[in-house]
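Remarks on the overall topology
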Amino acid sequence: MTIFDEFKKFISRGNVLQLAVGVVIGAAFGKITTALTESVLMPFIGWLFGAVDFSNWFILLGSIPEGYTGSTTNYAELKEAGVAMIGYGDLLTQMVNFLILAFALFMLIKGVNKVLDAIEEDKKAGENSSENEKVPTDPQLDVLRDIRKELKGLREAQSG
């Protein structure tokens, strides 16, 4: 078996494909979160605290190069000019992004867990899960349950 064949076998496994899909969806969700933070929440928070733009909160560490003609209060322009700075406003924005993303994931997991708990309760309520439309079931397990029931009936008939 060549390395290419081994790689093809590895990549075709379900877990790898599911992980790849999760990464792509996560990247898209991250962009949505960034847009929500930068375009909606941060301007609102800035307005709430007096028209403050967090992106321009920084501490200047180095000197501004001679011949620089841009704004001395614009973080992006100064960064492009190569000025050494600590951009704590950008850090604040990224922290808000993280909190929004973490809360959204928390709510998603909470919802999924609620659905899974309801399915488990439905499983416990009935002996044969295949008879309950709400419970996802494996047909092979249902067949094994039927075989077990038949064998149990045969043993009781032989002993009784």
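Residues numbered from 1 in each chain as written. Predicted model: local features only at pLDDT ≥ 70, side-chain atom pairs only at ≥ 80, totals over all residues. Heavy atoms only, no water.

Details of a nonpolar patch on the surface
A cluster of nonpolar residues, Trp-57, Ile-59, Leu-61, Ile-86, Tyr-88, Leu-91 and Met-95, forms a patch on the protein surface that exposes about 670 Å² of accessible area. Considering every element that reaches the nonpolar patch, the biggest residue donor is helix H4 (residues 88–125), with three residues. Topologically, Met-95 is positioned in helix H4. Looking at Met-95, the relative accessible area reads 45%, which means it is partly exposed. (Patch = residues over 30% accessible without salt bridge, like charges linked within 9 Å, V, L, I, M, F, W, Y side chains within 5 Å. Areas by Shrake-Rupley, 256 points an atom, 1.4 Å probe, with all protein chains shown as cover. Salt bridge = Lys/Arg side-chain N within 4 Å of Asp/Glu carboxyl O. Helix = DSSP H or I, 4+ residues; strand = E, 2+ residues; numbered from the N terminus. Buried < 20%, exposed > 50% of the residue type's maximum accessible area, 1.4 Å probe, protein only.)

With respect to the nonpolar core
In terms of nonpolar packing, the biggest core is built from five residues, these being Phe-58, Tyr-75, Leu-78, Val-83 and Met-85. Contacts of Met-85, omitting those with residues within four sequence positions, involve Phe-58, Ile-59, Leu-60, Leu-61, Tyr-75, Leu-78 and Lys-79. (Core = buried A, V, L, I, M, F, W, Y, C linked by side-chain atoms within 4.5 Å. Contact = heavy atoms within 4.5 Å.)

A word on the environment of Asn-74
Mapped onto the secondary structure, Asn-74 falls in the loop between strand S1 (59–60) and helix H3 (75–80). In sequence terms Asn-74 and Asn-56 are 18 residues apart; their C-alpha atoms lie 5.7 Å from each other. Not counting the four nearest positions on each side in its chain, Asn-74 is found in contact with Asn-56 and Phe-58. Polar contacts involving the side chain of Asn-74 include one to the main-chain amide nitrogen of Glu-77, which spans 3.0 Å. (Polar contact = N/O pair within 3.5 Å; in protein donor to acceptor, adjacent residues only side chain to side chain.)

Focus: the side chain of Thr-33
With respect to the element layout, Thr-33 can be found in helix H2 (residues 14–48). A residue is classified by how much of its surface remains accessible, and Thr-33, at 5% relative accessible area, is buried. The residues touching Thr-33, leaving out its near neighbours within four places in the chain, are Asn-97, Ile-100 and Leu-101.

Examining the packing of aromatic side chains
Note on aromatic pairs: each is described by the distance of the centres and the angle between the planes. Taken as a whole and assessed by the stated rule, the structure comprises three aromatic pairs. Aromatic pair Trp-57 and Tyr-88: ring centres 6.0 Å apart, planes at 45 degrees, arrangement tilted. With a gap of 31 residues between them, Trp-57 in the loop between H2 and S1 and Tyr-88 in helix H4 connect regions that are remote in the sequence. Note on Phe-58 and Tyr-75: the rings are 5.8 Å apart at their centroids and 40 degrees apart in plane angle, and the pair reads as tilted. Of this pair, Phe-58 sits in the loop between H2 and S1 while Tyr-75 sits in helix H3; the two residues are 17 residues apart in sequence, bridging distant segments of the chain. The exposure classification of Phe-58 matches that of Tyr-75, with both residues buried. (Phe/Tyr/Trp six-rings, centres within 6.5 Å; stacked < 30°, edge-to-face > 60°.)

Comments concerning a positive patch on the surface
A surface patch of like charges, here positive, comprises Arg-148, Lys-149, Lys-152 and Arg-155. Assignment of secondary structure puts Arg-148 in helix H5 (residues 139–159). According to the relative accessible area criterion, Arg-148 is exposed, its value standing at 53%. (Lys, Arg positive; Asp, Glu negative; His and termini not counted. Charge placed at Lys NZ, Arg CZ, Asp CG, Glu CD.)

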